[in-house]
Protein chains: 2
Amino acid sequence: MDTDAATDHSGLRVMGTDECLERLGATVIGRVAFVHDGEVVLLPVHHVMHGSDVCFRTSGSSKIEAAADHDPMSYEVDDYDVSTRSGWSVTVTGTASLLDDDSAVADVESRDRAPWTIGDPALSVWVRIRPDAITGRELRAS
Amino acid sequence: MDTDAATDHSGLRVMGTDECLERLGATVIGRVAFVHDGEVVLLPVHHVMHGSDVCFRTSGSSKIEAAADHDPMSYEVDDYDVSTRSGWSVTVTGTASLLDDDSAVADVESRDRAPWTIGDPALSVWVRIRPDAITGRELRAS
């Protein structure tokens, strides 16, 4: 299943889990999606991997509430070149929780190579998305 | 509220609706999010604007079902420069429906400058996201 030759029904190359995790680790910005008050919230955040968990720091109350409630949360990273009509995307589908383990927080903070200064760090918490599924697709230039 | 000086609680510049629509019109790829079978589906698609509606062609059954059911659907476009820690994003929150009006379909197809060949066009339909809210934020290089 994890061979380079695997394609989905649309002809896109299917990435294996290891390649998906590699792309997540090499990417700084992605988009988080979850449901809040019946609305699908969809926002860019800066992430840090902790094993296969996607972690991001936020002071946004809806994201913190979603994490505290262990809500379903998805995450996506991608890169596209419009001129060659090629690109790839990786999506993580999982469950949100607050990252409240001191050693885990220390780990992600030490490996956070590009902290973006948005909001007040003193008011922010780390949210962790624990994956149920990690999928990736690549559209190669034809 | 629509002045350049408006910022949100995180210090990000708040874009006005016209600027958000301009960025959506100038962008080819975005990410769509909706709920399917209790899971938050989050995928990149190629979009075309029809007025203030975000339209995309899909042969994916979950996206078609969401549209047929008039489910909540959100859409996001962004661009970031990690080296300068600057960037912007626009999010559309709205309701999905199938674009089944012949003249609307003709309009989006005629203005689709960069059709990406994914899946079988004969099996695909156009989905329209009618916005309830359009918001945009910009993080300027410090």
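In this text, all values refer to a predicted model and were calculated from it rather than measured experimentally.

1. Observations regarding the pairing of strand β4 (residues 53-58) of chain B
Residues and elements named next belong to chain B.
Piece 1. The element β4 is extensively covered by neighbouring structure, given that five of its six residues are classed as buried.
Piece 2. Relative to β4, strand β3 (residues 39-50) is paired through four bridges, and the arrangement is antiparallel. Bridge assignment links Met49 to a residue of β4, and that residue is Val54.

2. Looking at helix α2 (residues 61-68) of chain A
Residues and elements named next belong to chain A.
Piece 1. Burial in α2 covers these residues: Ser62, Lys63, Ala66 and Ala67. The buried residues of α2 occupy an angular sector of 135° when the element is viewed end-on, so they sit on one face.
Piece 2. Buried residues along α2 sit against β2 (29-36), β3 (39-50), β4 (53-58), β5 (72-81), β6 (86-98) and β7 (125-139).
Piece 3. Positive phi appears at His70, one or two residues downstream of α2, with a value of about 55°.

3. Here's the deal with the relation of the copies chain A and chain B
Piece 1. Mapping chain A onto chain B calls for a rotation angle of 180° and an axial translation of 0.0 Å; the resulting RMSD is 0.0 Å. The relationship between the two copies is best expressed as a two-fold rotation axis. It is Ala33 of chain A whose C-alpha, among those of chain A, lies nearest the rotation axis, at 3.3 Å.
Piece 2. Comparing interface residues between copies, 100% of those in chain A also sit at the interface in chain B, which points to an isologous, same-surface contact.

4. Let's talk about the interface of chain A and chain B
Piece 1. Between chain A and chain B, the contact holds 33 residues from the first and 33 residues from the second.
Piece 2. Together, the buried faces of chain A and chain B total about 2900 Å²; carbon and sulfur atoms form 70% of this surface.
Piece 3. Applying the counting rule to chain A against chain B returns four salt bridges.
Piece 4. For Asp78 of chain B, the salt bridge identified is with Arg31 of chain A, shortest N-O distance 2.8 Å.

5. A look at the side chain of Arg128 of chain A
Residues and elements named next belong to chain A.
Piece 1. Along the chain, Arg128 turns up in strand β7.
Piece 2. At a separation of 2.7 Å, a polar atom in the side chain of Arg128 contacts the side chain of Asp53.
Piece 3. Beyond its immediate chain neighbours, meaning those up to four positions away, Arg128 contacts His50, Asp53, Val54, Cys55, Thr95, Ala96, Ser97 and Leu99.

6. Examining the state of the cysteines
Piece 1. Tallied over the entire structure, the rule returns zero disulfides over all chains.
Piece 2. No disulfide involves Cys20 of chain A; its sulfur sits 17 Å from the nearest other cysteine sulfur, which is in Cys55 of chain A.

7. With respect to the environment of Val92 of chain B
Piece 1. Tracing the sequence through the fold places Val92 of chain B in strand β6 (residues 86-98).
Piece 2. Ignoring sequence-local partners within four residues, the contact set of Val92 of chain B consists of Leu24, Val54, Met73, Ser74, Tyr75, Ile129, Pro131, Ala133 and Ile134 of chain B.

What counts, and at which threshold
- Residues numbered from 1 in each chain as written.
- Chains lettered and ligands numbered in written order.
- Predicted model: local features only at pLDDT ≥ 70, side-chain atom pairs only at ≥ 80, totals over all residues.
- Heavy atoms only, no water.
- Buried < 20%, exposed > 50% of the residue type's maximum accessible area, 1.4 Å probe, protein only.
- Helix = DSSP H or I, 4+ residues; strand = E, 2+ residues; numbered from the N terminus.
- Pairing = 2+ DSSP bridges.
- Arc of directions from axis to C-beta.
- Contact = heavy atoms within 4.5 Å.
- Least-squares fit on C-alpha atoms with pLDDT ≥ 70 in both.
- Buried area = accessible area lost by both parts, 1.4 Å probe.
- Salt bridge = Lys/Arg side-chain N within 4 Å of Asp/Glu carboxyl O.
- Polar contact = N/O pair within 3.5 Å; in protein donor to acceptor, adjacent residues only side chain to side chain.
- Disulfide = S-S within 2.5 Å.

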